Amino acid sequence: MATSKSTENGSKKPAAKKEVTTKAAASKPAAKKTASKTTTSSKKSSAPAIVTSANRLQMIEEAAYYIAEKHGFNGPSSDHWLEAEKQIDSKLNA
C-alpha cells in the first residue's frame with residue numbers, strides 16, 4: 001500500500017503509485033506485427049531498363065529545374081538544360 005510523504009511545509013502528499021503487472025496481462029501474447037514483404041530482388045536484372053525518349057526528356061526537365069533552382073533561377077536556362085542533359089546521359093550510359 002502506498003503511504004503518504006510529508007513535504008517541507010508539513011502537508012501530506014500521496015506517494016507515487018507503482019505499476020503492477022498482473023499475471024493475466026503478462027501471459028497475453030504480444031500483438032503480432034504483420035509487415036508486408038516486398039518482392040524486390042537485390043540482384044541486378046540481366047536485361048537493361050528501357051528508357052524511352054519521352055522518359056529521358058522528362059528526366060532532363062526535372063534535372064534542369066533543380067539545377068536552375070540551385071543557381072537561384074539566374075543565368076540562361078539553356079545552360080541549365082545542357083548540364084541536365086550531361087547528368088542524365090551519364091547516368092543512363094553507366
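Before reading on, note that the structure itself is shown above.
In this text the structure is predicted, and so the values were computed from the model without any measurement.

Q: Now, about helix 2 (residues 53-70): what can you tell me, with residues and values included?
A: The end-to-end C-alpha distance of helix 2 is 26 Å, a good match for the 26 Å that 18 residues give at a rise of 1.5 Å each. All of the buried residues along helix 2 are Ile60, Ala63, Ala64, Ile67 and Ala68. All buried residues of helix 2 fall inside an arc of 135° around its axis, so they share one side. Set apart from the buried face of helix 2 by more than 90 degrees, the exposed residues are Ala54 and Gln58. Those residues of helix 2 hidden inside the fold are in contact with helix 3 (77-92). A positive phi of about 70° marks Gly72, the residue just after helix 2.

Q: Quick one: what's the story with the packing of helix 2 against helix 3, residue by residue and with numbers?
A: The N-to-C vectors of helix 2 and helix 3 enclose an angle of 125°; their axes lie 8 Å apart at closest approach. It follows that helix 2 is oblique to helix 3 by the angle criterion. For the crossing formed where helix 2 meets helix 3, the hand is right-handed. For the pair helix 2 and helix 3, contact is made by Arg56, Leu57, Met59, Ile60, Glu61, Ala63, Ala64, Ile67 and Ala68 and by His80, Trp81, Glu83, Ala84, Glu85, Gln87, Ile88, Asp89 and Leu92, respectively. Counted by class, the contact of helix 2 with helix 3 contains 11 nonpolar, 2 polar and 5 charged residues.

Quick notes on the rules
- Residues numbered from 1 in each chain as written.
- Predicted model: local features only at pLDDT ≥ 70, side-chain atom pairs only at ≥ 80, totals over all residues.
- Heavy atoms only, no water.
- Helix = DSSP H or I, 4+ residues; strand = E, 2+ residues; numbered from the N terminus.
- Expected span 1.5 Å × (residues − 1).
- Buried < 20%, exposed > 50% of the residue type's maximum accessible area, 1.4 Å probe, protein only.
- Arc of directions from axis to C-beta.
- Contact = heavy atoms within 4.5 Å.
- Axes fitted to C-alpha atoms, helices over the stretch in contact; angles between N-to-C directions.
- Parallel < 35°, antiparallel > 145°, perpendicular 65-115°, else oblique.
- Left-handed = near helix turned anticlockwise from the far one by under 90°.
- Nonpolar A, V, L, I, M, F, W, Y, C, P; charged D, E, K, R; others polar.

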